[in-house]
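Here are the chains, one letter per residue:
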Amino acid sequence: ESLTSWSTTTVNSRIIANLALRALIILPASRRGRSMSARRMLWLLLCAVFFFCAASSNQYSTEECSDIDNLQPIHQKTRGTTDLVSNSRQIRLLQTIAHGEFVGSSGYESNQDGRTYTAPQNYSGLGLRELSESNQERYTAILETRERVRSIVEESLGIGKLYIDYTTLSQKTIGGAHKAHADNCIHFFDTETHQAECDPGRVHPYPNRVAGSILYLNDHESGNFSGGEFYFADRANGEVSQKIPLQVGRLIYFTAGVESLHGALPVAQSTEDSTPEPRRLALAMWFVKDSQLEEYVPPFGSKIEMQSSSAAKPRAVNDPNDPTAPKHLFDIPMPKSVEGREMLQSLGAHLLSKSAGSWQIQSYNSDTLHVVFKDHTAMFSIEVGMALSEESVHSDTCIVFERHTDGKRPASLLYMLQESVILHIVLDELSSILLDKENAYFTDAFEKARITLPAKRA
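Parameters at a glance
Residues numbered from 1 in each chain as written. Predicted model: local features only at pLDDT ≥ 70, side-chain atom pairs only at ≥ 80, totals over all residues. Heavy atoms only, no water. Helix = DSSP H or I, 4+ residues; strand = E, 2+ residues; numbered from the N terminus. Contact = heavy atoms within 4.5 Å. Areas by Shrake-Rupley, 256 points an atom, 1.4 Å probe, with all protein chains shown as cover. Buried < 20%, exposed > 50% of the residue type's maximum accessible area, 1.4 Å probe, protein only. Disulfide = S-S within 2.5 Å. pLDDT = per-residue confidence, 0-100. Core = buried A, V, L, I, M, F, W, Y, C linked by side-chain atoms within 4.5 Å.

Here we look at the overall build of the chain
When you go through the chain residue by residue, the secondary structure sums to 10 helices and 26 strands. Sequence separation of 24 or more characterises 73% of the internal contacts of the chain that already satisfy a separation of 6 or more. Just so you have it, the chain exposes about 22,400 Å², and 53% of that area is on carbon and sulfur atoms.

What follows is the structure, encoded as structure tokens:
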């Protein structure tokens, strides 16, 4: 494991050191010999005050970090690290989140040619919406830490007022990793400049991001794993250039472009004992300069669940002020003879064969499929839940279709056209699964769903 040298420069410590040295210089020569004990005490006091000020102001200092194998300092205006960002109580609260509470996350990751992006493996996360629905003390800790991180990144990078674009509590289990990437463009390695450049021919889902940060919430010992370190990559080849050692409460911040290519090494099992289950926890955040793109922060407990007397999954009634709340498309009643999870697995496999590279099919959990479009402006979900709409009152359980955006930009026109096409494909497959198991009563629900789609059935 590579080591990192840390050099912290703070205004307070410089001022105090300067004043103390001046005091030593102006001591009369006649008194210096008779005042050795006083001088020693003054030196000890100077050292104590110096280190106290450096530690106490550490969260607002800009640090340079350099790998001793590389010894090339990181420019202060593009990246840096600082420690002791979150207090131990807040971190302990976040460490208590169980493995099962995390949900699969999409993310993006490039293959060797740097042009094809897929979801990372063994990676899951919790956004503010999920965190606002569980534990209030924990949610408060996230919001406090989040604002502290924003303030540090804003002051350290010095690129103007920053607004938080997105916050996620991430969990990487064994094998979880990120290949080198930028956060606001899809990069490729230019054969002329011999370095990574933004690909103007490909649209990144978040081109407005100007900075990002990672806050380590556990380390090798507390997480029972090895590897998993965040790293900065060499812009010339994407290989690991500087590795940041894991330390609880350590914040890494950086600008979002190709000048700060970064990734995470694979999480590995540290010992034969897999109890507790190995995992790396971190708070990941991204920043923008446009206040209109600022992340919506839901109030705690804003989600209301509609319950049913059946065993069907409750349906959420979302906060009407939440711009990220999904838009309901339609419901399809599900016969009692159909097992929901098997149906979703079959439907997911069928969609994979029909997606033609335009759609990414993800299993969000055992009851939900996410179907993400290639331009990342929107996605739709297919979920088994309780019936709410009038069309589904004759069935306790239904298949729920909803469209999701980030709440900051609408779905693209291309997405809307392609959504209609693939939803017709979904309805065709569902009808073959459902209608041969029940009578034609369910046919009306399919026809009503098709009427809502802008594009006609092919």
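Description of the environment of Gln362
Here Gln362 is to be found in strand β23 (residues 359-365). With relative accessibility at 13%, the residue Gln362 sits in the buried group.

Examining the state of the cysteines
Here the structure, examined in full by the defined rule, presents 1 disulfide. Covalently, Cys185 is tied to Cys198 through a disulfide, its sulfur atoms 2.1 Å apart. An S-S torsion of about -70° defines the bridge between Cys185 and Cys198 as left-handed. Of the two residues, Cys185 sits in the loop between β9 (178-181) and β10 (187-190) while Cys198 sits in strand β11 (residues 195-198), which places them 13 residues apart along the sequence. Residue Cys185 is classed as buried on the basis of its relative accessible area of 7%.

Let's talk about the confidence of the model for the chain
Chain-level statistics for the chain give a pLDDT mean of 77 and a share of 70% at 70 or above. In the model of the chain, strand β1 (residues 4-8) stands out as the element of lowest mean pLDDT, 33, in contrast to strand β14 (residues 230-233), which has the highest, 97. Ignoring residues within four places in sequence, the model shows residues 106-119, a span with pLDDT below 50, making 43 contacts including any to other chains. The model gives residues 304-310 a pLDDT under 50, and that stretch makes 15 contacts with residues more than four places away or in other chains.

Examining the environment of Asn135
Its location among the elements puts Asn135 in the loop between α5 (128-131) and α6 (136-157). For Asn135 and Gly301, which are 166 residues apart along the polypeptide, the C-alpha to C-alpha distance reads 9.0 Å.

Concerning the nonpolar core
One recurring pattern in soluble globular proteins is that nonpolar side chains are buried together. Within the largest apolar cluster, 33 residues are counted, with the highest numbers of intra-cluster contacts made by Ile332, Met343, Ile382 and Phe401. Sorting elements by how many residues they give to this core places helix α9 (residues 413-434) first, with 8 residues. If sequence neighbours within four positions are ignored, Phe401 has contacts with Lys327, His328, Leu329, Phe330, Asp331, Ile332, Ser381, Ile382, Leu423, Val426 and Leu430. In terms of nonpolar packing, the next biggest core, distinct from the first, is built from 26 residues, Val85, Leu162, Ala211 and Leu215 among them.

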